[in-house]
Amino acid sequence: MSSMCGRYVMARGVGDLVAEFDVDETYVDELDASYNIAPTDPVPLILDRKDKDSGSVSRKLVTARWGLVPSWSKDAKGAAKLINARRETITEKPSFRKAAAQRRALVPADGYYEWQQELVGGKIHKIPTYLHEVENGVLAFAALFENWPDPALPADDPARWLRTCTIITAPAADSIGHIHDRTPLIVPKDLWAEWLDPETTSEADIRSLVDSMPEPHLVPRVVGSLVNSVRNNGPELIEAAGPESGTLFS
């Protein structure tokens, strides 16, 4: 199978995220609930940054475009190819290693979708499945971000800088591995501060931190075929598929 499929749900408001993640500064005024976030969409991002003058660290809520553009890229065309980064290689691959050392973040989510493949009558059918936290709490996907300067724009143009992000994936636990072999790397609340800590920059420390992440306990729910199209968006996308809709969707 490939890496994590590129759709997830984030239906919480700014106030919810500020409270949940103990945000000090928000650069986001409003968030529209989305039940079908797709690559290149703007997404909320949690990050900790250290003030160069005071040395104090503050937690910020910002937005980023989903699909990483490395700072050295000549253009932003390849962003859709870098929506995921494998946990096994984030400290090695040129596209991710600098961000892994200096620009780690959290992507808040209510849940995400995968398409389980089943062979029926000689044909592969894809079953859309929504995975979420046991008590429907917020999930925090481990992420990396970059700030890309558009070489076509002058240095003093405020539109010159593009913030982008990628979601880190890990091998799926046995309990959900039959749905898909990869899952977002989910950071538990007691490790949020360590993951975001801008003082943690060495490869060994980052690898140790990644390896300390426990397996998440997620609940899968087969949903209807509406999620198959990015044009559809609404709470009905995460509702359980009824008997009348069947369980197989191509």
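Here's what I pulled together on the structure shown here. Starting afresh in each chain, residues are numbered from 1 along the sequence in its written order. In view of the model being predicted, local features appear only for residues whose pLDDT reaches at least 70, and side-chain atom pairs are presented and counted only at 80 or more, with totals across whole chains, interfaces and linings using the full set of residues. Side-chain metrics in this entry use all non-hydrogen atoms of the structure; hydrogen atoms and water are not considered.

### Side note on the sheet that holds strand β13 (residues 218-222)
Moving on, step 1. For two strands to count as paired, DSSP must find a minimum of two bridges between them. Under the scheme used here, helices are H or I runs from DSSP no shorter than 4 residues and strands are E runs no shorter than 2 residues, and both carry numbers assigned from the N terminus. The antiparallel open sheet is built from 5 strands, whose spatial order is β3-β1-β8-β9-β13. Two strands in the sheet have a free side with no partner beyond their single neighbour: β3 (34-37) and β13. The mean inter-strand angle of the sheet, taken between neighbouring strand axes irrespective of direction, is 30 degrees.
Moving on, step 2. Across 5 bridges, strand β9 (residues 123-133) lies against β13 in antiparallel orientation. Bridge pairing in β13 places Thr129 opposite Val222. Note on method: axes are straight lines fitted to C-alpha atoms, helices fitted across the in-contact stretch only, with angles between N-to-C directions ranging 0 to 180 degrees.

### A closer look at the pairing of strand β11 (residues 161-171)
The side chains of a regular strand alternate between the sheet's two faces.
Moving on, step 1. Strand direction decides the pairing type here: strand β5 (residues 57-66) and β11, joined by 2 bridges, are parallel. When the bridges of β11 are listed, Arg65 appears paired with Thr164.
Moving on, step 2. Pairing between strand β6 (residues 84-86) and β11: 3 bridges, direction parallel. The residue of β11 that forms the bridge with Asn84 is Ile167.
Moving on, step 3. In the sheet, strand β10 (residues 139-149) pairs with β11 via 7 bridges, with the strands oriented antiparallel.

### Remarks on the nonpolar core
As a rule of thumb, nonpolar side chains are buried together in soluble globular proteins.
Moving on, step 1. Counting 59 residues, the largest nonpolar core has Tyr8, Phe21, Leu45, Leu106, Phe141 and Trp195 as its most contacted members.
Moving on, step 2. Per element, the largest residue contribution to this core is 7 residues, and it comes from β10.
Moving on, step 3. Contact definition: two residues touch when any of their heavy atoms are within 4.5 Å. Apart from residues lying up to four places away in sequence, Trp195 is in contact with Arg104, Ala105, Leu106, Ala142, Ala143, Leu144, Ile168, Val187, Leu209, Val210 and Met213.
Moving on, step 4. Judged by nonpolar contacts, the second largest core, of 9 residues, contains Tyr113, Tyr130, Leu237 and Ile238. Take the buried residues of types Ala, Val, Leu, Ile, Met, Phe, Trp, Tyr and Cys, join any two whose side-chain atoms come within 4.5 Å, and each joined set is a nonpolar core. For every residue, the accessible area obtained with a 1.4 Å probe (protein chains only) is divided by the maximum for its type, and the residue is called buried under 20%, exposed over 50%, and partly exposed between those limits.

### Considerations on the packing of aromatic side chains
Moving on, step 1. Two rings belonging to Phe, Tyr or Trp (six-membered ring only in the last case) form a pair when the distance between their centres is within 6.5 Å. Interplanar angles under 30 degrees mark stacking, angles over 60 mark edge-to-face geometry, and anything in between is tilted. One pass over the full model with this rule turns up 6 aromatic pairs.
Moving on, step 2. Seen from their ring centres, Tyr8 and Phe141 are 5.7 Å apart, and the 70 degrees between their planes marks the pair as edge-to-face. Here Tyr8, found in strand β1 (residues 8-10), pairs with Phe141, found in strand β10; they are 133 residues apart in sequence, far enough to count as distant. The exposure classification of Tyr8 matches that of Phe141, with both residues buried.
Moving on, step 3. Arranged with centres 6.3 Å apart and planes meeting at 50 degrees, the rings of Tyr113 and Trp115 form a pair that is tilted.
Moving on, step 4. For Tyr113, a relative accessible area of 0% gives the class buried.
Moving on, step 5. Among the aromatic residues, ring-to-ring pairing joins Tyr8, Trp66, Tyr112 and Phe141 into one connected group.
Moving on, step 6. When the ring centre of Trp195 is taken as origin, the NZ or CZ atom of Arg104, which lies over that ring, is 5.6 Å away. Counting as a charge over the ring demands two things of the Lys NZ or Arg CZ atom: a distance within 6 Å of the ring centre and an angle within 35 degrees of the ring normal.

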